[in-house]
Amino acid sequence: MPQAYVFTQHGGPEVEAFIDLPPVSPGPGQLLVAVRAAGVNPVDWKLRNGYRRPGSAPAELPSVLGSEAAGVVEEIGPGVEGFAVGDAVFGSTLTGGYARYTLLPVEVTAHKPDALSFTDAAALPVAAATAYDAVNQVALAPGATLLITGAGGGVGVAATQIARGFGLRVIGTASAGKKEFVESLGAVHVPSGPGLAERVRAVAPDGVDAVLDLVGGAALQAVAELVEDRTKLISAADKGTVPRLGGAAVVRLRTAAVLDEVAKLVVAGTLRPYVTRTFPLERADEALRAVEDGHAQGKIVIEIGP
């Protein structure tokens, strides 16, 4: 059985490979975790293509794919408190999630509630946590209207549910094919594409109270005019354009406390992870293709047996 799925250099799918990768010992503030499930996200293939997160060092090659995982603590690094061997946890990975073992930093690792499966927990640290941070950043009162572009994607699905749970009216833009799905989340669906602003005005004649952009580019520029207070215009997709429009990028807190809150929302029934497909580790390439092709609805997770 493969131990990890990696990219050996920057490029397209041709640089991906299964390799044997033994576990390493955790350093200070780290946990060695036996992975039970790993979320698949667009950022995974973007990192393979050469994207580098702001402030991060160049990837060490070969680099294990995956940014989020859930599993069981195998070993605890020096100075770690609050965790024990055998604990079920989930969080953001230091050494990639598409593997039988990974390292998690304790500052972005939370205990998995018993009522939350490993598969659902692995779907939370990237998309759901980003959505939670974004909805809190716009800080709208119950009854206000939030416009979410890209409401049918991973972050959009979570943001729509969280916003609805906070008592907000949500208008969600997505392709026509996702209309029924977006409406099932409790949002008013508006088809994406040319003429977007006019279609939003048709359902919100007085404009909207905030915009959470998850698409960027032309879509962001089209809807910016719909919000009067530009401090309520935020984007997780186009950090270069949104400041020029008077808005700001979504600020990621990346804390265990956020993961705890997101997990509570799932357990309470406010947030559903919407894991729509799962793959075993030996089919990690298929899982990543499903996300990279851009047609996935909901979350895709790689499941790894004990």
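Everything here concerns the structure above.
Asks: Where do I start with the nonpolar core in this structure?
Replies: Grouped burial of nonpolar side chains is what soluble globular proteins tend to show. Within the largest apolar cluster, 44 residues are counted, with the highest numbers of intra-cluster contacts made by F90, L124, L146, I148, L212 and L271. Elements represented by at least two residues in this core include exactly α2 (118-122), α3 (124-138), β9 (145-149), α4 (154-165), β10 (169-174), β12 (210-213) and α8 (256-268). In terms of residues, this core owes the most to one element, α3, which gives eight residues. Not counting residues within four places of it along the chain, the set of residues in contact with I148 comprises G156, A159, T160, V170, I171, G172, T173, L212 and L214.

Asks: In this structure, what is going on with the packing of helix α1 (residues 42-49) against helix α9 (residues 284-292)? I would like to understand it.
Replies: Think of two packed helices as two axes; the pair is described by the angle between the axes and how far apart they sit. Contact geometry for α1 and α9: axes closest at 8 Å, N-to-C directions at 100 degrees. By the angle class used here, α1 and α9 are roughly perpendicular. Along the contact surface, α1 presents P42, D44, W45 and R48, while α9 presents L288, R289, V291 and E292.

Asks: Sorry, what's going on with the sheet that holds β12 here?
Replies: Note on sheets: strands pair through backbone hydrogen bonds, and any given pair is parallel or antiparallel. Strand order in the open sheet formed by six strands is β11-β10-β9-β12-β13-β14, with parallel pairing between adjacent strands. The open sheet has two edge strands with one neighbour each: β11 (188-191) and β14 (248-249). Bridge analysis of β9 against β12 gives four bridges, and the strand direction is parallel. Along β12, the bridge assignment pairs I148 with L212.

Asks: Teacher, can you tell me more about the pattern of salt bridges here?
Replies: Two side chains of opposite charge can pair, provided their charged atoms sit close to one another. Under the definition given, this model contains 10 salt bridges. Among the ionic pairs, E292 bridges to R48, the shortest N-O distance being 2.6 Å. Of the two residues, E292 is situated in helix α9 and R48 in helix α1; the sequence distance between them amounts to 244 residues. Relative accessible area serves as the criterion here: at 0%, R48 is assigned to the buried category.

Asks: Even after reading the chapter, I still don't get α3, so can you show me in this structure?
Replies: Each full turn of the α-helix corresponds to 3.6 residues, which orients residues three or four apart in the same direction. The end-to-end C-alpha distance of α3 is 20 Å, a good match for the 21 Å that 15 residues give at a rise of 1.5 Å each. Across the 15 residues of α3, 13 count as buried, placing the element largely inside the fold. Phi turns positive, to about 50 degrees, at A139, one or two residues after α3.

Asks: Please clarify how empty space enclosed by the protein should be interpreted in this entry.
Replies: In this approach, a probe sized like a water molecule rolls over the atoms, and the result shows the empty space that is left. Across all of its chains, the model carries one cavity of 30 Å³ or more by this definition. Lining the largest cavity are A123, L124, A127, A128, G154, V157, A158, Q161, L271, R272, P273 and K299. Elements with a minimum of two residues in the lining of the largest cavity: α3 and α4. Among the residues making up the lining of the largest cavity, the classes are represented as eight nonpolar, two polar and two charged.

How each quantity is defined
- Residues numbered from 1 in each chain as written.
- Predicted model: local features only at pLDDT ≥ 70, side-chain atom pairs only at ≥ 80, totals over all residues.
- Heavy atoms only, no water.
- Core = buried A, V, L, I, M, F, W, Y, C linked by side-chain atoms within 4.5 Å.
- Buried < 20%, exposed > 50% of the residue type's maximum accessible area, 1.4 Å probe, protein only.
- Helix = DSSP H or I, 4+ residues; strand = E, 2+ residues; numbered from the N terminus.
- Contact = heavy atoms within 4.5 Å.
- Axes fitted to C-alpha atoms, helices over the stretch in contact; angles between N-to-C directions.
- Parallel < 35°, antiparallel > 145°, perpendicular 65-115°, else oblique.
- Pairing = 2+ DSSP bridges.
- Salt bridge = Lys/Arg side-chain N within 4 Å of Asp/Glu carboxyl O.
- Expected span 1.5 Å × (residues − 1).
- 1 Å grid on protein atoms, 1.4 Å probe; cavity = no way out; pocket = protein on both sides within 12 Å on 5 of 7 lines; lining within 4 Å.
- Points joined across faces, edges and corners; volume = space filled by probe spheres on them.
- Nonpolar A, V, L, I, M, F, W, Y, C, P; charged D, E, K, R; others polar.

These figures come from the coordinates and say nothing about function on their own.
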